[in-house]
Amino acid sequence: SLIGGIILLLFLLMALIGPFLCTQDPNAQDIANKYAPPSWEHLLGTDNLGRDTLTRMVYGARVSLLVGVVAALVNLVVGVLYGGIAGYFGGTVDNVIMRCCDVVQNIPDVLLAICVSQAMGGGLVPTLVALSVTSVPGLVRLLRASMMGVRGQEFVEAAEAIDCSKISIMFRHVLPNCLSPIIVSISMSAGSKILQSAGLSYIGLGVQEPLAEWGAMISAAKTSFMAYPYIIIMPGIFIMLVVLSFNLIGDGLRDALDPKMRQ
């Protein structure tokens, strides 16, 4: 988890500070200098339009991390809301929410993301919406199961005995005791969202040119990969490292928050 945190911190610093240190415009085209090999002027070479690869990778870190974090946060808000309602109130409300989750989960995540992104026309916002929709049912089920295990505990009965409102009991007493699996799930979900975003961009349904994004960079370089491998390898390595960092952090959080693992 420490290694994952260091890797993620480096990428965050690159996303926040890197663009201020870059001297070149990420969208500036120089057709006469396209596919230039790595040099002092272009440390990672240029792409098919003569744009500096390193500069676009630095700017692409902002977009890729934004997609992963925002999609994970949307999953958190929607999942906590509906999962909390289903797990605490139960009954008809629980059945309705769970049947809706069944419908969404019966569609493969990648196919659902492709359909939503295609229907909305592609781009940054459609990508965020598509990636947010796919993981909500899993988080709803996870929180529902956790809350159903907690709501029968003595402290919940004590809160009900002193006439606390249901909303207060759910958010002040039950939900805080169900956060451990949610935190782990969200930390790992952010990495998977970055990977899915790159996949959507690769097939032309994610973030669109000229906005710099790692998956879009790989997509633009796929036709010339054999001749100029350096313009596709580095974005792929960056995606791999970010996803790895989120997974390592998630593993560390699971070990730290699970009492059985601590023992």
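Note that the coordinates shown come from a computational prediction; the quantities given were computed from them, not determined experimentally. Within any chain, residue numbers begin from 1 and follow the written order of that chain's sequence. Local features in a predicted model are, by the rule used here, given only for residues with pLDDT of at least 70; side-chain atom pairs are given and counted only at 80 or more, and totals for whole chains, interfaces and linings are based on all residues. Derived side-chain values reflect all non-hydrogen atoms in the structure, with water molecules and hydrogen atoms excluded from consideration.

Re the overall build of the protein chain
Part 1 of the argument: Counting its regular elements, the protein chain contains 11 helices and zero strands.
Part 2 of the argument: Secondary structure elements follow DSSP: runs of H or I no shorter than four residues count as helices, runs of E no shorter than two count as strands, and numbering proceeds from the N terminus. Secondary structure elements of the protein chain, listed N to C terminal, follow the sequence α-α-α-α-α-α-α-α-α-α-α.
Part 3 of the argument: Here the C-alpha coordinates of the protein chain stretch approximately 75 × 40 × 30 Å along the principal axes.
Part 4 of the argument: In the protein chain, which comprises 263 residues, the share counted as buried stands at 43%.
Part 5 of the argument: Counting contacts in the protein chain only where the partners sit at least 6 residues apart, residues at least 24 apart contribute 71% of the total.
Part 6 of the argument: Surface exposure here means Shrake-Rupley accessible area, sampled with a 1.4 Å probe, where a residue is shielded only by the protein chains that are shown. As displayed, the protein chain has an accessible area near 13,300 Å², and 68% of this comes from carbon and sulfur atoms.
Part 7 of the argument: Note that His is not counted, nor are the chain ends; the positive residues are Lys and Arg, and the negative ones are Asp and Glu. Here the site of a charge means atom NZ of a Lys, CZ of an Arg, CG of an Asp or CD of a Glu. Between the mean site of the 15 positive side-chain charges and the mean site of the 17 negative ones, the protein chain shows a separation of 5 Å. Throughout this description, buried means an accessible area under 20% of the type-specific maximum (1.4 Å probe, protein chains only), exposed means over 50%, and partly exposed covers the range between. Should any heavy atoms of two residues lie within 4.5 Å, those residues are considered in contact.

So, the side chain of serine 117
Part 1 of the argument: For serine 117, the location among the structural elements is in helix α4 (residues 109–120).
Part 2 of the argument: Residues adjacent in sequence count toward polar contacts only when both atoms are side-chain atoms; beyond that, a polar contact is any pair of N or O atoms within 3.5 Å, and within protein one must be able to donate a hydrogen and the other to accept it. Within the structure, the side chain of serine 117 is placed 2.3 Å from the backbone oxygen of leucine 205, a separation counted as a polar contact.

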